[in-house]
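Take a look at the letters that make up each chain.
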Amino acid sequence: MRKSPAPEAMYLPDVESHESHESDGHYGKMIAMARAGGMTPPGIWHLFAFKPRMTDALSAFTHEVMRGPSPLSAGLRELIAAYTSRRNACVF
């Protein structure tokens, strides 16, 4: 697997530089695993790990939208999200 290019700064230095939150919770563990594998974790993971009480509901909502019951397959929903992100000049 190819190493991801370094993402641009989120302009949220407290979130990006805060190391102590990364060992706590689901997203903190995902960040640690990505780094251990030589990957750059997506910036959104840092935000979710930084304020889990505030982002758990958003994470559950997103998971349900992307993986819950739907006439569209999960793969097609991912493709739509990637296409939309690209059209908005957003690195997905």
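Scroll up to find the structure.
This is a predicted model, so every value here is computed, not measured.

Definitions and cut-offs
- Here the residue numbering is sequential within each chain, running from 1 through the sequence in written order.
- Per-residue local features of the predicted model are confined to residues with pLDDT of at least 70, and side-chain atom pairs are confined, for both listing and counting, to 80 or more; whole-chain, interface and lining totals are unaffected and use all residues.
- Values shown for side chains rest on all heavy atoms present in the structure; no hydrogens or waters enter the calculation.
- Here an angle of 0 to 180 degrees is reported between the N-to-C directions of two axes, which are lines fitted to C-alpha atoms, with helices fitted over the stretch in contact.
- Each helix is a run of DSSP H or I of at least 4 residues and each strand a run of E of at least 2, with the numbering of both proceeding from the N terminus.
- Contact between two residues is taken to exist if any of their heavy atoms lie within 4.5 Å; hydrogens are not considered.
- Note on aromatic contacts: the rings of Phe and Tyr and the six-membered ring of Trp form a pair at centre separations within 6.5 Å, being stacked when their planes are under 30 degrees apart, edge-to-face when over 60 apart, and tilted otherwise.

**Focus: the packing of helix α4 (residues 52-67) against helix α5 (residues 74-87)**
At their nearest, the axes of α4 and α5 sit 8 Å apart, and the two run at 115 degrees to each other. Together, Glu64, Val65, Met66 and Arg67 of α4 and Ala74, Arg77, Glu78 and Ala81 of α5 make up the contact between the two elements.

**With respect to the packing of aromatic side chains**
Counted under the stated rule, the structure contains one aromatic pair. Relative to Phe48, the ring of Tyr27 lies with its centre 5.0 Å away and its plane at 80 degrees, an arrangement referred to as edge-to-face. Taken as a pair, Tyr27 in helix α2 (residues 25-36) and Phe48 in helix α3 (residues 43-50) lie far apart in primary sequence, 21 residues in all.

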